[in-house]
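# Working through the structure, step by step
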Amino acid sequence: QAAEQALWSAYHGGRLGHAWLIAGPRGIGKATLAFRFARYLLASPGPSTEEGGRSADLGVDPDHPVFRRVAGGSHGDLMTVERTANEKTGRMRGEITVLDARRLPRFFATTAAEGGWRVAVVDCVEEMNRHAANALLKTLEEPPRNTLILLISHSPDGILPTLRSRCRMLPLRPLDEADMCALMAVRFPEFAEADTLALARLSNGSPGRAFPLAAAGGLEVYRDMVTLLGSLPRIDGAALHRFADRFAREANAELYRAMRELLLAWIARMVREAAAETSGEDIVPGERALMQRLSARRGLDPWLEVWENIGRLFVQADSVKLDKKQVVMSAFTTLEKAARG
């Protein structure tokens, strides 16, 4: 709501500028906001000088022609710059290339198809290689009139300072627990209230993380994972085999990726909270007591090393396509060795 207010007020106050950097953690709605504002701008007859009493609402009726054209990717005054497929392999490239970025000046050089604004959304800046970022910088240095570039960034501190300095920063925060629970209840009405709350806490205020996690059965995996961790320093071998079995099938690749993220996040949270001498809320019962027991058993440095080693294991396993069950077994064996000291 605060971000919508900032964009609405800048537009109607004649202070919109030519580029905004919409920044914040992954999955909290940065791209959703960018396209919402793009629709509003393209559908608007022009800024109003009478702001008093008006609602800062960027919504456009789904039946509006602009809404339909933007949704169909056919609006002539809107361009999206993002990773594209390699023509030879058909696979998505790992980065936004300079050829993708060079489409921007050509797009802005032409007359607006509908006589208003021309808008580009870059999703996201971190995925641009160096040459693409430099090409974008040139566009930002000499923006045509009535053009707007909305840049999406997950880590604004890591992008070129010269690029960042030419944009207005619009920081977005993760959603609070109440809003997350409300969203989860709408998307997954069949979930119990306790499950909705647990998923809200697991996702750290990110609907983009919570929804796929819930759909893949991530909460059940998390509970089983914490149960296994609770048996440290000696993990039940049969229970570990049963846990790892579910990731052996290729059909469960998404669940495997969720498990990796959850495990690394759990270890990192244990180290972080022990270092700060704080304790948050349990996601599953008894979790914080378990973290305190394990961190007190070895201290923080060994656990930080475990986090690094397991993270490295997952990356190496992906690069050489190791059997996923064995990778999971190895990760928990590393934890077991650390707990034994």
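This report concerns the structure included in the present document. Note that the coordinates shown come from a computational prediction; the quantities given were computed from them, not determined experimentally.

## As for the pairing of strand E1 (residues 19-23)
Burial runs high along E1: five of the five residues are buried. Side chains of E1 alternate between two faces, with Ala19, Leu21 and Ala23 and Trp20 and Ile22 buried alike. Note: E1 against strand E4 (residues 147-153), five bridges, orientation parallel. Pairing of Ile22 across the sheet is with Ile152, part of E4.

## Quick word on the packing of aromatic side chains
We describe a pair of aromatic rings using the distance from one ring centre to the other and the angle between the two ring planes. Within this structure, the stated rule accounts for nine aromatic pairs. Over the face of the ring belonging to Phe211 we find Arg187, whose NZ or CZ atom lies 4.1 Å from the ring centre. The cationic tip of Lys324 hangs over the ring face of Tyr256; the distance from NZ or CZ to the ring centre is 5.5 Å.

## Here we look at the packing of helix H13 (residues 253-276) against helix H15 (residues 300-320)
At a minimum axis separation of 10 Å, H13 and H15 run at an interaxial angle of 165 degrees. Between H13 and H15, the interaxial angle falls into the category roughly antiparallel. Our pair here, H13 against H15, has a crossing hand that is left-handed. In this structure, H13 contributes Tyr256, Arg260, Leu263, Leu264, Ile267, Ala268, Met270, Val271, Ala274 and Ala275 to the contact, and H15 contributes Leu300, Trp303, Leu304, Val306, Trp307, Ile310, Gly311, Phe314 and Asp318. A breakdown of the residues in the contact of H13 with H15 according to their chemical character gives 16 nonpolar, one polar and two charged.

Parameters at a glance
Each residue is numbered by its place in its chain's sequence as written, counting from 1. Two thresholds apply to this predicted model, a pLDDT of at least 70 for residue-level local features and 80 or more for giving and counting side-chain atom pairs, whereas whole-chain, interface and lining totals are computed over all residues. Hydrogen atoms and water are omitted, and side-chain values are computed over all heavy atoms in the structure. Note on classification: 1.4 Å probe, protein chains only; a residue is buried when its accessible area is under 20% of the maximum for its type, exposed when over 50%, partly exposed between these limits. Each helix corresponds to a stretch of at least 4 residues labelled H or I by DSSP, and each strand to a stretch of at least 2 residues labelled E; elements are numbered beginning at the N terminus. If DSSP finds at least two bridges between two strands, the strands pair. To pair, rings of Phe, Tyr and Trp, with the six-membered ring standing in for Trp, must have centres within 6.5 Å; the planes then decide the type, stacked if under 30 degrees apart, edge-to-face if over 60, and tilted in the middle. A ring is considered to have a charge above it if a Lys NZ or an Arg CZ atom is located within 6 Å of its centre and within 35 degrees of its normal. What counts as an axis is a line fitted to C-alpha atoms, over the stretch in contact for a helix, and the angles between N-to-C directions run from 0 to 180 degrees. Each angle is binned into one of four classes, with values under 35 degrees roughly parallel, values over 145 roughly antiparallel, values of 65 to 115 roughly perpendicular, and all other values oblique. The hand of a helix crossing depends on one turn: near helix anticlockwise from the far one by less than a right angle means left-handed, and clockwise means right-handed. When checking whether two residues touch, look at their non-hydrogen atoms; a contact exists if any pair is within 4.5 Å. Amino acids are sorted into nonpolar (Ala, Val, Leu, Ile, Met, Phe, Trp, Tyr, Cys and Pro), charged (Asp, Glu, Lys and Arg) and polar (every other residue, Gly among them).

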